[in-house]
Amino acid sequence: MKTLQRTAISLAAAQAALLCSGMAWAQTAPAPAAAASAPEAKAQKIETVTVSGRRAAIQSAQKIKQDADEIVDSVNADDIGKLPDKSVTEVLQRIVGVTIDRTMAKGDPEHYSVEGSSVNIRGLSYVRSEVNGRDTFSANGGRALNFEDVPPELMAGVDVYKNPSAEQVEGAVGGLVNLRTAMPFDYQGLKGAITLGGNYNDLQGKWSPAASGLISNRWKTDAGEFGALLSLARSKTTTRTDLWQAEPYYNIDGTHWAPKGAQWRDSTFDRTREGSYGALQWKKDDISSSLTYFESKYRMHWDENALFAQSTPGNLKLSSGATYGPNGALLTGTLTDPADGGINFGADTRYMTRDSKTRDLGWNLKWKASDRWSFSTDLQIVKSKTNAFDSTVATGLQMPKETLDLSGSTPRVVFDAADLAGLKDLGNYYWAFTMEHLDRSKADSKVWRADARFNFDSAVLQDLRFGIRLSDRNATTINSTPSYNWQAITQTWQQGWDISHVARLNDPRFNAPVTLHEFKNFFGGQSVPSIYVPAVSLAQGYPGTYADLHKYHDILCAEQAAAQGWSSGCATWAPATFGTDPLGTNEQHEKTQAVYSQLRFGWDNQPMPVDGNVGLRVVRTDMKAAGYMVFTNNAPTLQPGQAVGGVPIPAVSAFAKSLDAGQTYTNVLPSLNLRLKASDQLQFRFAAAQAISRPDFSDMQAYTALSLDTQKHTVGNTVVIDSVSLTGKANGNPLLKPVKSNQLDLTGEWYFSKTGSLTVALFDKELKDVIVKQSATTTLRDGAGNPVNFTITSPVNGAKGHARGLEIAFQRYLDMLPGWLSGIGVQANYTYVDSKTKPYNPVMSAYCSGTSTGPENFNLNINGCDTDGRTFGNLPLINLSKNAYNLALLYDYGPVSARVAYSWRSKYLQGVNVNGTNGGDGQLPNAGGGVAWALPTWSDAYGQLDAGVTYRFSDNFSMSLEGQNLNNALARQLMQQHIGFMTRGVNYTGRRYSVQASYSF
């Protein structure tokens, strides 16, 4: 076997050499940026072969994987500003081991995200993000970048690192996503490109524009070589989601189960993404420097109109002709509710906006002091902010009945002539409620690092790397209080004691504007009736319009008070507070100090060479949280002549005070990466490491509400205290520690051609200190100085678990075929992940108890409970699919480059106790009383077909046509109940297309 020459050049330099030698595409394309934490590769003798298009991108990505010191998978742009998908999240889902979630927000699987949102690697959400090797984030209470916010047109490639090394910044238990941009020195000289395009949504029949451009040049002067690059991108996308939805099933009559109704809605989502990126480079002799600036802007506007069920489950009656499945669940039938005067619905208008902005400034200086020594320093400043306004105004509607058809794959509501007439009658509608939410977040980070490398003159030792990294990060999030402030205008349950009747739309006194909303082209052609909903101006006009609507309640409350001779109080509406209540503010400060050392070695002269690195990273974290603590003493107030007896009451005075919580901890993180080269084509890797992932800032809010409550009875003039409850709730826990992982990786990699490989990976991540919500203890002092312990509910490091699995990836072009057939290629990968969590203090009972769905209901939050109170348990990690795969058929020959790609993942748990599938109106068996319930909510298996074709008319000009969701896939949501996995909702988004023209020089 030939001896491989080894030098201490970076992987970025190796890729640049590949590009210059012609192994990349015919037009010069950007190489991976020289990332501060990126692994380095060794130079190899390479042959000159010219390829272009997607084949070149695959070849370059394969070379990155083959030569990397670590286990990494990549996707490269096949031309300037042209990653293979329309968003970074969709690009990532093509990588083996990576899956994406398609919900709008954590804890709200009710609303679908067409382009995808959060990213999991090997089943875990503990993902760290970088841009050009520097840690970055979005201001949303988390620690990673919102990848859907990033313009993919600015990216030259995406790398996913799956096991850490000491040189990498800590925090990636799941994995690390590094977004690469181009640098001026990636090109030989003047380089420019411009792309114009449009996006079309088939469901809406609407076009939206997109444009991006890049200009770069380099100059040689007496002062050294200079380079400058500027890249801009702007795109607008409009999508729509239609939804059929069924409510959770209840045991209606002891034998049969039925939902309390079904409903439909449409949501329109407008997204504008803007990005700007600039880079300067300079090099003279052995000194080089770079300055980069990255800015991403994201603006979203979302409108929704819906008709939704609001029935009282205990009062529902099923028609005599109803049909049922073998599990007793309703298939077809009619619901009535005589006790409530009919079936109650809500018809809402929802208006939401979000503006986000992230800016990242980075400066780097490198000095090769000698053949042995080289040094670098890096400075980075990140600023990110986001703010949102979410407003819902609803009318109510009473109908005599609701006829359901649940026999098919999509739940439906069936209307007869009387139903249609009722929906058009303004007299059946009334003003129902308002709900507002506001949030604002900002975060900033300052990072400095210094690194050194010593090259050995040794047959075994290659180089020793060591360095330090200091970071200072601040994050503040403000939410309205209450976060989502639902307030009744008029409701049917208020009649007869608070208001005389509901505020009906046909009453001229209550003439706020409404509109007849038509669900045009619903589900691509279904017919559903129009409904009256509030005008969008009422949602946009908060708080003034809200105040006007709630005056309707005041009028009717005065009528009721006059009629009955007493008043309920006629409480007037007040908006949610924003920025004035400490409950809504989360302020975090984090400083880290890290040192690392990493030794690279190799035995090249062996029959099967072995190389690798071993290192140690030590990081100290200082956390501080500014917060608030409130204590309410609900001890009984004695009347004159009364005495107190029984259980003594601790003497703690009520208070409300600000507080500063903090902690300091140190983590020692060893890592080992080994590679054995069985031949020039076949190699094996082994990796072992310890990793951490710090908790999200949203879980670390320092706000605690404590209370003292008593259970008592009276004997004569003595108030006898039976028991004293010392409890509390904490929105977060500033004393949380990181999630820790001991992880092993074993891979086999066969590279049988420049674009052909078969790789297999086994991995095991043993987790501990997983964050769950359970009880903890807070201590106060009474008047005598004695400790008083309160049991509070908060996030704690309360579980252990594992994520184990298998990855298989294959790709190749059929070069052995003649002529145009040699352009056919295939990519395929498969991921299997098994996971389990085990609480340190298990909470499990056969039935749930109480009517609270709050975090203090441990059994409900951890295990989930059915509407009859029965517990589920044995739930997997959230957002983890056991099986996922990607299949792609490729074609690259002459001027044509094309791809047909299918991405699929199996069913996965979205959450427990999430919006829409929880409540306090469950009924225990045998009329055992009301109980809280929270169903485990799942996303059903989902697969989507995408395709694209590019035709290159010349070396400078090309046109592309792409399509997403060509199979018109439906995203189905399931709710787990003891009668089975029932359909919760079915989302329809339709097909989407994009066309673009690109010119480069």
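Our subject in this report is the structure included herewith. Just so it is clear, the structure is predicted and the values come from calculations on it, not from any experiment.

**Looking at the pairing of strand S12 (residues 191-201)**
Phase 1: Here 11 bridges tie S12 to strand S13 (residues 206-221), and the two strands are oriented antiparallel to one another. Its bridge partner being in S13, Ile-194 is matched across the sheet by Gly-213.
Phase 2: Hairpin connection, S12 to S13: the antiparallel pair is bridged by four residues, and Gly-205 has positive phi, about 65°.
Phase 3: Strand direction decides the pairing type here: S12 and strand S52 (residues 992-1000), joined by nine bridges, are antiparallel. Bridged to Asn-199 within S52 is Ser-994.

**Observations concerning the nonpolar core**
Phase 1: Core analysis: the biggest nonpolar cluster contains 61 residues, and Tyr-249, Trp-264, Trp-431, Ile-531, Leu-549 and Tyr-552 have the highest contact counts within it.
Phase 2: With five residues, the single largest contributor to this core is helix H6 (residues 544-564).
Phase 3: In this structure, Ile-531 is in contact with Trp-264, Ala-306, Leu-307, Ala-347, Leu-423, Tyr-429, Thr-515, Leu-516, His-517 and Phe-519, ignoring residues within four places of it in sequence.
Phase 4: Membership of the second largest hydrophobic core comes to 33 residues, among which are Leu-83, Val-131, Met-155 and Tyr-187.

**Examining the packing of aromatic side chains**
Phase 1: Tallying each qualifying case throughout the model produces 35 aromatic pairs.
Phase 2: Plain terms: the ring middles of Trp-244 and Phe-522 are 5.8 Å apart, the flat faces sit at 80° to each other, and that makes the pair edge-to-face. With Trp-244 in strand S14 (residues 224-246) and Phe-522 in the loop between strand S29 (514-517) and strand S30 (531-534), the pair connects residues that are 278 residues apart, well separated along the chain. Like Trp-244, the residue Phe-522 is buried in the burial classification.
Phase 3: Residues Phe-631 and Phe-655 carry aromatic rings whose centres are separated by 5.8 Å and whose planes lie at 35° to one another, so their mutual orientation is tilted. Of the two residues, Phe-631 is situated in strand S32 (residues 610-633) and Phe-655 in strand S34 (residues 655-677); the sequence distance between them amounts to 24 residues.
Phase 4: Owing to a relative accessible area of 24%, Phe-655 belongs among the partly exposed residues under this scheme.
Phase 5: One aromatic cluster in this structure is built from Trp-244, Trp-264, Phe-415, Phe-519, Phe-522, Phe-523 and Tyr-988.

**Some details on the pairing of strand S10 (residues 157-161)**
Phase 1: Within S10, five of the five residues are buried, which leaves the element mostly enclosed by the surrounding structure.
Phase 2: Burial of the side chains of S10 extends over both faces: Gly-157, Asp-159 and Tyr-161 are buried on one face and Val-158 and Val-160 on the other.
Phase 3: Sheet topology places S10 next to strand S11 (residues 175-180); five bridges connect them, and they run antiparallel. Bridged to Val-160 within S11 is Val-177.

**Considering the pattern of salt bridges**
Phase 1: Within the structure shown, the criterion is met by 51 salt bridges.
Phase 2: Put simply, Glu-110 and Arg-984 hold a salt bridge, and the shortest N to O gap is 2.9 Å. Taken together, the residues Glu-110 in strand S6 (residues 108-112) and Arg-984 in strand S51 (residues 980-988) connect sequence positions 874 residues apart. Of the two residues examined, Glu-110 and Arg-984, each falls in the buried class.
Phase 3: Between Asp-416 and Lys-401 there is a salt bridge, with the nearest N and O atoms lying 3.0 Å from each other. Highlighted residues: Asp-416 in the loop between strand S25 (412-414) and helix H4 (417-423) and Lys-401 in the loop between strand S23 (373-399) and strand S24 (402-405), separated in sequence by 15 residues.
Phase 4: Classification of Asp-416 as partly exposed rests on a relative accessible area of 34%.
Phase 5: By relative accessible area, which is 23% here, Lys-401 ends up partly exposed.
Phase 6: Among the ionic contacts, a cluster of salt bridges with common partners joins Lys-65, Asp-73, Arg-122, Lys-162, Asp-745 and Glu-807.

Conventions and cut-offs
- Residues numbered from 1 in each chain as written.
- Predicted model: local features only at pLDDT ≥ 70, side-chain atom pairs only at ≥ 80, totals over all residues.
- Heavy atoms only, no water.
- Pairing = 2+ DSSP bridges.
- Helix = DSSP H or I, 4+ residues; strand = E, 2+ residues; numbered from the N terminus.
- Core = buried A, V, L, I, M, F, W, Y, C linked by side-chain atoms within 4.5 Å.
- Buried < 20%, exposed > 50% of the residue type's maximum accessible area, 1.4 Å probe, protein only.
- Contact = heavy atoms within 4.5 Å.
- Phe/Tyr/Trp six-rings, centres within 6.5 Å; stacked < 30°, edge-to-face > 60°.
- Salt bridge = Lys/Arg side-chain N within 4 Å of Asp/Glu carboxyl O.

Geometric descriptors of this kind do not, in isolation, establish any biological role.
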